[in-house]
Structure formats: C-alpha cells, structure tokens
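Coordinate analysis (summary)
These are the residues of each chain, in order.
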Amino acid sequence: MNTIYFDNNATTCVAPEVRDAMLPFFDSLYGNPSSMHAFGGQVMRYVNEARERIAAFLHADPSEIIFTSCGTESDNYAIRGTAEVFGTQNLKIITSRVEHPAVLGPCRRLKEMGAKLIEIPVDSHGNLDLDAYQEALRGSETKLVTIMWANNETGVIFPIKQIAELAKAAGAIVHTDAVQVAGKIPLDMRDVPVDMLSISGHKLHAPKGIGIFFVRKGTRLRTQQIGGHQESGRRGGTENVPYIVGMAKACELAEATMAEATERERRLRDKLEKGLLATCPDARVNGDSENRLANTLNISFEYIEGEAITYHMSDLGICVSTGSACASGSLEPSHVIRAMGVPFTAVHGSVRFSLSRYTTEEEVDYVLREMPGVIRKLRSLSPFGKGDKLPVEL
Ligand code: PLP
C-alpha cells in the first residue's frame, strides 16, 4: 500500500536535492571545522557558506544566525536565555495560549520559579486577541514577548509585525516561533522587528536534527548550550556540518518554489476542504478561513474521536494527525482547539491535514473517495449517535 502523506506540519520528507548536498559531508568531507589542519579547516568554508545562504533567506546578517539541533532548542534558548539576563523574579513574559509546548513548557517552568506569565487567549477562529495583548503590555514592564508566527494545528497566522512593533514600543524583547511559517511564507527580518526567531529543519524538507536560531545584533541573551567556542561562543558543540549544509539547501529550494507551491497547496487544500464539507455531515473547519497557511486544514467531525479516524485512515495508507493526544489512557483534547472554544461535540473529533509541495491531486482525490466511508462507519459505531445522547461535560 502506498503512503498518502498529509502530515507535513509534523515532519516532511527530505528533499532529494538536500540529501545529495549532504552526502559528501558523511564521506569525504568529514573533518571537524574547528581543526587547525587543512582537512578539517576546509569544512568551515561550507558552514560559513550555509550561514550566508540562510541569512539571505531571512534577510538577516550571517552573524545573526546560530545553528541549533531543532525548533525546541531554539525556543528554549530564546526564553531561558532571556530569563537568565533579567532573573526570574524580575521577569514578565507574555505568550499565547496556543503556543507549541516548546514555548509553553519553558514559560510555565519560569512561572513556577517566580516569573509573571500572561497567556493571551484566541477567538473562535484561532486569531490572537489583540485587545488582551495590548492590555497585557500596558501593565507592569514586560521583558519578553514570545508569540508564534503561525499555529501548527490550525495554520492560523498571527500579525507578527504588529505584535513585535507593539512589544518594542513597550520596551520588550520579542521572540517568535516561526517553525510553521519557514518555507511557507516569505520571512524578512528587515521588515519584522522581532529580536529572535526559531526555525526547524524537518518542517521544510531538511532532516530532523537541525534548527536555526536568529538573534538580532545587540539582543541581550545568555548562552544555554555551554561548551566550546563554536557559533562564536553562543552554542557549544561540534557543528553538524552535513545537516547545516542540508538546511541551507532546503531554504534555497523553499525560496525558489514558494510562490508556485503555495498556490498549488492552497488549491488542493481548498478542494479537500470543500469536498469533505460536502460529503461528511456535521463537519466544521477549525481556524480562520482566510488568515491561514495555505497547506493546513484542521477539520472536526462531530460525535466521533479523532484518534479513531486517524487509525482507520492509517489502515487505508493515509497519514493525518489528530487534535487530541493520548495521555495516561485518557484522550486529552488539544489545548489549541480548546482555547478556540470549539464545542464539546467537535473538540475530540478534530483531524489535521497538512500538505507539502510534493502533495498530488491524486492523493487528495483518494482521501475524498475514502474518508466519507470512514466517517459514516465510525458514526454508526458511536455510542453517542448523532447528538441526542451526548454526555455532559463535567
Ligand atoms: N514549534 C512549533 C510551532 C512546532 O510545530 C514544532 C514541531 O512540531 C516545534 C516548535 C518543535 O520543533 P522540533 O520538532 O524541531 O523541535
């Protein structure tokens, strides 16, 4: 059975061009870039070239690019590195309720340690409550704003330029988790006044295990990964040269294909969305219909569990993800879908489709043929029928 892959917000395939660009660095060019001898030293040239390419991708200066291992490391660096500058007792952080755990986790840990944390809500379309954000900035002095550029579950895009401008006017340092936007929309650091930005390679057809951390010149930050002098002393650890080279190639490819890919993905995503809404009763889209990444569709099928849908789809070779996470035997609905106030009957039945530039029309057609049958079957098995015997939420 072929794999029909609709889970590109979770991870993507490595582009063949990226794999090819990496291969020499496993084989002939395996030296340590920090070595004094020529065999190792020559490799530093490729690290520097990669840094320059990635800086160009972000319209930033090469000195503002730090290589990390993943998006999570970049997010942790931004939040904990800022906390170390100010101390947790003097720290007020503003974030949103719908951040990835890589941001919410460190923020909540700092709250336990004495920091003040404000989590801004979203509306029923998943858009950030800008009034609540401005109100939060008006109070005592905010040291750090960390708000994502686009949400991984719904694809809803936040107005990061406006968010950053408001934060800067209030004297705060601004970080954004750009993991889901990198390679999907243009990122221009000359135009968006964030101080720090996180990217993950495996979301844009580079391998798992490489991240980017943009830190604008002059930003106050304490190094987190303490070790050697690599990355100008800002991230110890021998450089992951093959992955750094692969990351640069992935950014170059994303830039070259972005306009065309976005248009195609939007057309295919809209076809999928319209088709599912037309053939599956009691389905509703989660997330703003316009203000959303072109590749993402989060859709709830009422009265059934997203997990069950995912398993049945998997049997058909279709990979999607669900908005619930199985935690200690109970199905916890996603904090993102819950924050949007999605009705109880729909919150558990959310499924995320995420496309990539490799998604084909045939794959969309296959889902449209198979999915209505899966939903009908699960509904016929559901103890809650179609809503007449719904459990009361406690
Ligand atoms: N931030 C967002 C918005 C994400 O979607 C993810 C991964 O799903 C991460 C951070 C973490 O990235 P990584 O898997 O590279 O640690």
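This section reports on the structure supplied with the text. Just so we're clear, the structure is a prediction, and the values are computed from it rather than from any experiment.

Within the protein chain, the regular secondary structure consists of 11 helices and 15 strands. Computed over its C-alpha atoms, the radius of gyration of the protein chain comes to 22 Å, within 12% of the 21 Å expected for a compact globule of 394 residues. By principal-axis analysis of the C-alpha atoms, the protein chain measures approximately 70 × 55 × 40 Å.

What follows is about the packing of helix H3 (residues 71-86) against helix H4 (residues 101-112). Relative to each other, H3 and H4 sit at 25°, their axes nearing to 8 Å. By the criterion of interaxial angle, the relationship of H3 to H4 is roughly parallel. Remark: the crossing between H3 and H4 carries right-handed chirality. Here Thr72, Asp75, Asn76, Ile79, Arg80 and Ala83 of H3 lie close against H4, whose contacting residues are Ala102, Val103, Pro106, Cys107, Arg109 and Leu110. In terms of residue class, the contact of H3 with H4 is built from seven nonpolar, two polar and three charged.

Turning our attention to unusual backbone geometry. Despite not being glycine, Glu231 has its phi angle at roughly 50°, a positive value. Of note, Glu231 is situated in the loop between strand S8 (211-215) and helix H7 (241-279). Even without being glycine, Asp282 reaches a positive phi, approximately 55°. Relative to the elements of secondary structure, Asp282 occurs in the loop between H7 and strand S9 (283-285). Accessibility expressed as a relative area gives 24% for Asp282, which makes it partly exposed.

The subject of this paragraph is the environment of Arg222. You can see Arg222 is positioned in the loop between S8 and H7. Measuring from C-alpha to C-alpha, the distance between Arg222 and Ala83 comes to 8.4 Å, with 139 residues separating the pair along the chain. If near-sequence neighbours (up to four positions away) are discounted, Arg222 is found in contact with Tyr77, Gly81, Glu84 and Val85.

Glancing now at the site of the ligand. As a matter of local geometry, the ligand sits amid 13 residues, with Thr72, Asp177, Gln180, Ser200 and Lys203 nearest to it. Within the side chain of Asp177, an N or O atom sits 2.6 Å from a nitrogen atom of the ligand. Separating an oxygen atom of the ligand from a side-chain N or O atom of Ser200 is a distance of 2.6 Å. About the coverage of the ligand: the protein hides 88% of its 390 Å² of free accessible area. The element contributing the most residues to the shell around the ligand is H3, with three residues. Taken together, the residues of the shell around the ligand sort by class into three nonpolar, seven polar and three charged.

It is worth spelling out the packing of helix H2 (residues 38-58) against H7 at this point. Where H2 contacts H7, the two axes come as close as 9 Å, and the packing angle between them is 30°. In terms of axis orientation, H2 runs roughly parallel to H7. Handedness of the crossing formed by H2 with H7: left-handed. On H7, the residues that touch Val43, Tyr46, Val47, Ala50, Arg53, Ile54, Ala56 and Phe57 of H2 are Val241, Ile244, Val245, Met247, Ala248, Lys249, Cys251, Glu252, Ala254 and Glu255.

Rules used throughout
- Residues numbered from 1 in each chain as written.
- Predicted model: local features only at pLDDT ≥ 70, side-chain atom pairs only at ≥ 80, totals over all residues.
- Heavy atoms only, no water.
- Helix = DSSP H or I, 4+ residues; strand = E, 2+ residues; numbered from the N terminus.
- Rg over C-alpha atoms; globule rule 2.2 N^0.38 Å.
- Axes fitted to C-alpha atoms, helices over the stretch in contact; angles between N-to-C directions.
- Parallel < 35°, antiparallel > 145°, perpendicular 65-115°, else oblique.
- Left-handed = near helix turned anticlockwise from the far one by under 90°.
- Contact = heavy atoms within 4.5 Å.
- Nonpolar A, V, L, I, M, F, W, Y, C, P; charged D, E, K, R; others polar.
- Buried < 20%, exposed > 50% of the residue type's maximum accessible area, 1.4 Å probe, protein only.
- Near = heavy atom within 4 Å.
- Polar contact = N/O pair within 3.5 Å; in protein donor to acceptor, adjacent residues only side chain to side chain.
- Areas by Shrake-Rupley, 256 points an atom, 1.4 Å probe, with all protein chains shown as cover.

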